[in-house]
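Now for the letters of each chain:
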Amino acid sequence: MTLRPLLPTALAVLATFALSVLAQTPAPAQPPAQTLAIPPINCVAPQYPSKEGRMEKRAEAYNRAVEAFNRDSKAYGECVKKYVEDSKTLAKAAADAANKAIDDYNKYTEALKKKIEED
């Protein structure tokens, strides 16, 4: 028994199946409606008064420099904390928008499923 007569039939069936699969083109991907831009941190870290600076300054001047450093260091820390909180707020807003889109899609598919079952 030879399989040669079945080969063209098998190839025809395979080609028909392959063409039907290739004919189904997916919907084109849509670019994001807007790009989320995370602003860069703009906090400036203060410089610690160095040992060289201590030798050049009198005790009183050095104490003022240390007090200024402490004040600037505290301001820097507050600036970083504010940046982190703002970034968290932005991330939460993006996550909430994504969750709303998921909920909308789920409602759509439920309604579609019900409509298909009714028909």
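Here the structure is a predicted model, which means the values were calculated and not measured.

Caption draft 1: Layout of the state of the cysteines. Tallied over the full model, the rule gives 1 disulfide. Through a disulfide, C43 is tied to C79; the S-S separation comes to 1.9 Å. Across the S-S bond linking C43 and C79, the dihedral sits near -85 degrees, which makes this disulfide left-handed. Taken together, the positions of C43 in the loop between α1 (6-23) and α2 (51-56) and C79 in helix α3 (residues 59-118) put the pair 36 residues apart, joining distant regions of the chain. With a relative accessible area of 16%, C43 lands in the buried category.

Caption draft 2: Seen up close, a nonpolar patch on the surface. A surface patch of nonpolar side chains, about 460 Å² in accessible area, is lined by Y105, Y108, L112 and I116. Its location among the elements puts Y105 in helix α3.

Thresholds applied
- Residues numbered from 1 in each chain as written.
- Predicted model: local features only at pLDDT ≥ 70, side-chain atom pairs only at ≥ 80, totals over all residues.
- Heavy atoms only, no water.
- Disulfide = S-S within 2.5 Å.
- Helix = DSSP H or I, 4+ residues; strand = E, 2+ residues; numbered from the N terminus.
- Buried < 20%, exposed > 50% of the residue type's maximum accessible area, 1.4 Å probe, protein only.
- Patch = residues over 30% accessible without salt bridge, like charges linked within 9 Å, V, L, I, M, F, W, Y side chains within 5 Å.
- Areas by Shrake-Rupley, 256 points an atom, 1.4 Å probe, with all protein chains shown as cover.
- Salt bridge = Lys/Arg side-chain N within 4 Å of Asp/Glu carboxyl O.

Geometric descriptors of this kind do not, in isolation, establish any biological role.
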